[in-house]
Amino acid sequence: MTKTVNVAIMGIGTVGGGTYEILTENREFMLRTQGIDFRVKKVLDKDLERIRSFGIPESAAASSVDEIAADKDISIVVETMGGVEPAKTFIEKVLLSGKSVVTANKELVSKHWPALEAAAKKGGAGLYFEASCVGGVPIIRALQEGLQANHINSIVGIINGTTNYILTKMTEEGMGYHDALKEAQQLGYAEFNPTADVEGFDAAYKLSILASLAFHTCVPYQTIYREGITKISKADIKTGLELGYRIKLLAIGKRRGDVIEARVHPTFVPASHPLAGVGGSFNAVYVNGDFVDDLMFYGRGAGARPTGSAIVSDVVYAAKAAAPLYSDFVNDGKVADGIEITGDFSSKYYLAVSVKDVPGVLAAVAGVFAKHNVGIESVSQRSGGSGAVIVFLTHTALESDVKASVTDIEQLDDTNKVESLIRVLA
Ligand code: HSE
């Protein structure tokens, strides 16, 4: 038994185009394997030229979202416009008209998931967003449908390809941040305004979605500690390598009982850890569940074809599902009663402190750490400017204790400043 499913695509840029290509190139294949004939009936984009460039007939160009919402033949709408508005208004409109929506829009889902889900429920429609996190890697389906038997203890991921590309270039070729960024922009990884990627917003949006699904409770993106990669220096990378670490922008979510940690920041990853080998624009997510133990998902986190693959997998899911799949927690965008999302996590730390090269300065800094219960694992020194830079690796310590140490260290007579503070994956 085969059936025909009509699809609309809103936004025919890179990812929308990739989606169109898969649906047309693999149409016969999906008819044979899935028993469904997917047809792209309408495409909405203000740029007609772009529509034509994908070989889409002009007759398929929709004049407005209302035309799509009113089309009774269309049951699934793909949103690949990006940004919050008008995507949110358009999605709500089609959901309320009873059409399931498949979106790649992590910013929108992380900021407005409750409103979108409410519209989906009201319209009796599905809301799917596999493509919003980690591109072609089916991490959302794994969390929702492969790992339900587990309490997920942690998810630790490289979930932004642009920053991973930049950090890889800095690590492997000794490039400075600005040169590596420029190259990432030339290759089309980083946008002209790279803030969302390099300041960690993109990773925080994705972590908010992944952590909420993994921990079965809202982890609002505003509660996520976020630090980008713009301050990472060549010296940090070099010293890290000497100490056996590779630097990665990690998104970390952990749950212990009712306490959740959610943070995005540059991290020294031991060279022996599987995440250390994830280079270039690739993404990976390392998951630990109480029964399944460790798992790693690896693949392309962006690009027309990988992201299109995730979108079409949701399209197939939406076409086949007996009932829409909604979140399995109270999805009101708030931290649930009884749950604490803590900013005072514990970690190991790398600190580079520039000092006057005088007797007693090391003891003075060590004294501050001791006062704040921060144990030192190792100390080394590198020359730096007119003085020296002392590099400390700490034992596992509380973030608040390390921050208090930084404040006190900077007030010592013979220190200049704490040049770098980088958390270390234990
Ligand atoms: N800007 C994102 C990245 C694209 O670099 O990973 C995919 O979400």
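About the criteria used
Residues numbered from 1 in each chain as written. Predicted model: local features only at pLDDT ≥ 70, side-chain atom pairs only at ≥ 80, totals over all residues. Heavy atoms only, no water. Axes fitted to C-alpha atoms, helices over the stretch in contact; angles between N-to-C directions. Helix = DSSP H or I, 4+ residues; strand = E, 2+ residues; numbered from the N terminus. Parallel < 35°, antiparallel > 145°, perpendicular 65-115°, else oblique. Left-handed = near helix turned anticlockwise from the far one by under 90°. Contact = heavy atoms within 4.5 Å. Nonpolar A, V, L, I, M, F, W, Y, C, P; charged D, E, K, R; others polar. Core = buried A, V, L, I, M, F, W, Y, C linked by side-chain atoms within 4.5 Å. Buried < 20%, exposed > 50% of the residue type's maximum accessible area, 1.4 Å probe, protein only. Domains from an automatic or database assignment. Buried area = accessible area lost by both parts, 1.4 Å probe. Salt bridge = Lys/Arg side-chain N within 4 Å of Asp/Glu carboxyl O. Polar contact = N/O pair within 3.5 Å; in protein donor to acceptor, adjacent residues only side chain to side chain. Phe/Tyr/Trp six-rings, centres within 6.5 Å; stacked < 30°, edge-to-face > 60°.

All right, on to the packing of helix H8 (residues 161-173) against helix H9 (residues 177-186) then. Across the interface, H8 lies against H9 with an axial gap of 9 Å and an inter-helix angle of 130°. The angle between H8 and H9 places the two elements in the oblique class. Once H8 is placed against H9, the crossing between them reads as right-handed. Judged by residue contacts, Tyr165, Ile166, Lys169 and Met170 of H8 engage Tyr177, Ala180, Leu181, Glu183 and Ala184 from H9. Tallied by class, residues from the contact of H8 with H9 come to seven nonpolar, no polar and two charged.

Counting 84 residues, the largest nonpolar core has Ile68, Ile139, Ile155, Ile166 and Leu207 as the members making the most contacts within it. Discounting residues that sit within four places of it in the chain, Ile68 has contacts with Ala8, Met10, Lys42, Leu44, Ala62, Ile74, Val77, Val94 and Lys99. Judged by nonpolar contacts, the second largest core, of 29 residues, contains Ile51, Ile76, Ile311 and Val315.

Further remarks concern the domain arrangement of the protein chain. The parts lose accessible area when they come together, and the size of an interface is often stated as this lost area. Annotation of the protein chain at the domain level lists domain 1 (3-132), domain 2 (139-302) and domain 3 (346-424). Look at where the C-alpha atoms of domain 1 and domain 2 centre, and you get two points 28 Å apart. Listed as interface residues are nine residues of domain 1 and, on the opposing side, 11 residues of domain 2. Both faces considered, domain 1 and domain 2 share a buried interface measuring about 960 Å² in area, 67% of it formed by carbon and sulfur atoms. Of all residues in domain 1, Lys106, Ser110 and Glu130 give up the largest surface area on contact with domain 2, accounting jointly for 51% of the area buried on that side. Linking domain 1 with domain 2 are one salt bridge, by the criterion used here. Asp202 is the partner of Lys106 in a salt bridge, and the nearest nitrogen-oxygen pair spans 3.1 Å. Applying the counting rule to domain 1 against domain 2 returns five residue pairs in polar contact (both at pLDDT 80 or more). Among the residues making up the side of domain 1 that touches domain 2, the classes are represented as three nonpolar, two polar and four charged.

Take the packing of aromatic side chains next. Describing an aromatic ring pair means giving the distance of the ring centres and the angle of the ring planes. In total, this model carries 10 aromatic pairs according to the counting rule given. Between Trp113 and Phe329, the aromatic rings sit 5.7 Å apart at their centres with planes inclined by 85°, giving edge-to-face as the arrangement. Here the residue Trp113 occupies a position in helix H6 (residues 106-123), and Phe329 occupies one in the loop between helix H13 (304-320) and strand E12 (340-342), the gap between them amounting to 216 residues. Like Phe329, Trp113 is buried. Both rings, one in Tyr205 and one in Tyr221, keep their centres 5.2 Å apart while their planes meet at 65°; by these two values the pair is edge-to-face. Placement of the pair is Tyr205 in helix H11 (residues 201-215) and Tyr221 in the loop between H11 and strand E7 (225-226), with a sequence separation of 16 residues. As far as burial versus exposure is concerned, Tyr205 and Tyr221 are alike and both buried.

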